[in-house]
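# Coordinate analysis (summary)
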Amino acid sequence: MIDKEILRRNLDKVIWSIEEARLRVSEHHIVKLVTVGKYTDIENIETLYSLGQRAFGENQVQQLESRVGELEALPLEWHFIGTLQKNKINKLIDIKPSLMQSIDSLELAIALDKKLSAKDSTMNCLLQLNSAGEESKSGVEPQKAIDIYQEIAERCPRIHLKGLMSIGAHTDDQSVVKDSFETTHKIYESLQKDGASICSMGMSSDFELAIACGSNLVRVGSALFRESD
Ligand SMILES: *Cc1c(COP(=O)(O)O)cnc(C)c1O
């Protein structure tokens, strides 16, 4: 467990950095912070809640399930941000996350839609884009993203698509990271006519750059849980 004052300082720092980055874009550009708890224990999530944070992300269904259960008494908003295995779909549906950010193929969307239908349920989702074309990452290719997005919207009525999620290129070269964010944002803009309103990009190392490129939802984990600067 991290000292509460350190957690407060880290959270304040992240919030101020987001604030400055969004104001550089526009006063009207609102950015949501989803704190990612996968590296930390449940006490720190409760502390973040006591500091005012409400939206939390997890990348494993198992961990999401146990945390949602343990923190049931708190009015938290849960996001699923990891790779969803087919055998965990029903479990995720029962958890009723506020937003499932990681639909990474048409095939997964169809399987999820089918199970949502069987449970007479719906889910808010984002399509995950592999904007840097990295082998190690999940997500659809940028060239196919618009077609797949529209196909999911047509064929999967139980899935309510709200936009895109992407992880920035994994490199220290800022221009390459920027390219990957711009690729995602361009596709997001062309999907606004199809109802896309969320452009989820930016993590601890690159959220300011992501906001400069138009992100309106950042997912921040490790920057919050550092014990020192
Ligand atoms: C872990 C994770 C994050 C947070 O990463 P940090 O670099 O620790 O901020 C954001 N998005 C996804 C999809 C993740 O898996």
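What you see is a predicted model; the values in this text were computed from it and never measured.

### So, the UniProt feature "domain: Alanine racemase N-terminal" (unreviewed entry) in the chain
Mapped onto this numbering, the UniProt entry gives "domain: Alanine racemase N-terminal" (unreviewed entry) at residues 45–226. Helix makes up 41% of residues 45–226 and strand makes up 20%, while its end C-alpha atoms are separated by 14 Å.

### Remarks on the nonpolar core
Counting residues in hydrophobic clusters, the biggest one holds 62 residues, and the most contacted among them are M100, I103, L112, I152 and I159. The element contributing the most residues to this core is helix α1 (residues 4–25), with 6 residues. Ignoring any residue separated from it by four or fewer positions in sequence, one finds I103 in contact with L108, A109, L112, C125, L126, L127, Q128, I152 and I159. Membership of the second largest hydrophobic core comes to 7 residues, among which are V34, A55, I198 and L217.

### Re the packing of aromatic side chains
Taken as a whole and judged by the stated rule, the model has 1 aromatic pair. A ring pair is formed by F56 and W78, whose centres lie 5.8 Å apart and whose planes are at 40°; its orientation type is tilted. Taken as a pair, F56 in strand β2 (residues 55–58) and W78 in strand β3 (residues 77–80) lie far apart in primary sequence, 22 residues in all. A residue is classified by how much of its surface remains accessible, and W78, at 8% relative accessible area, is buried.

### Things to note about the environment of S215
Among the structural elements, S215 can be located in the loop between α8 (207–212) and β8 (217–220). Overall, the relative accessible area of 0% leaves S215 in the buried class. Separated by 24 residues in the primary sequence, S215 and L191 have C-alpha atoms spaced 14 Å apart. Setting aside chain neighbours within four positions, we find S215 in contact with H29, V31, C199, M201 and A210.

### Here's the deal with the packing of α1 against helix α2 (residues 42–50)
Contact geometry for α1 and α2: axes closest at 10 Å, N-to-C directions at 60°. Here α2 runs oblique to α1, going by the angle between their axes. Here α1 runs over α2; the crossing is right-handed. Contacts from K4, L7 and L11 in α1 reach N44, T47, L48 and S50 in α2. Residues that form the contact of α1 with α2 fall into these classes: 3 nonpolar, 3 polar and 1 charged.

About the criteria used
The numbers attached to residues start from 1 for each chain and follow its sequence in the written order. Where totals are concerned, whole chains, interfaces and linings use all residues; where local detail is concerned, this predicted model gives features only for residues with pLDDT of at least 70, and gives and counts side-chain atom pairs only at 80 or more. Hydrogens and water are ignored here; the side-chain numbers use all heavy atoms of the structure. UniProt positions are given in the numbering used here, feature names are shortened, and annotations may be inferred rather than shown by experiment. Helix and strand assignments follow DSSP, with helices taken as H or I runs no shorter than four residues and strands as E runs no shorter than two, numbered in order from the N terminus. Take the buried residues of types Ala, Val, Leu, Ile, Met, Phe, Trp, Tyr and Cys, join any two whose side-chain atoms come within 4.5 Å, and each joined set is a nonpolar core. Burial here depends on accessible area, computed with a 1.4 Å probe over protein chains only, as a share of the maximum for the residue type. Under 20% is buried, over 50% is exposed, and the range in between is partly exposed. Contact definition: two residues touch when any of their heavy atoms are within 4.5 Å. Centres within 6.5 Å make a pair out of two Phe, Tyr or Trp rings, where for Trp the six-membered ring is used; the pair is then stacked when the planes are under 30 degrees apart, edge-to-face when over 60, and tilted otherwise. For helices, the axis comes from a line fit to the C-alpha atoms of the stretch in contact; other axes are also lines fit to C-alpha atoms, and the angle between any two N-to-C directions lies between 0 and 180 degrees. Roughly parallel covers angles under 35 degrees, roughly antiparallel covers those over 145, roughly perpendicular covers 65 to 115, and oblique covers all other angles. Handedness of a helix crossing follows the sense of rotation of the near helix relative to the far helix, less than a right angle counterclockwise being left-handed and clockwise being right-handed. Basically, the charged four are Asp, Glu, Lys and Arg, the nonpolar ten are Ala, Val, Leu, Ile, Met, Phe, Trp, Tyr, Cys and Pro, and anything else, Gly included, counts as polar.

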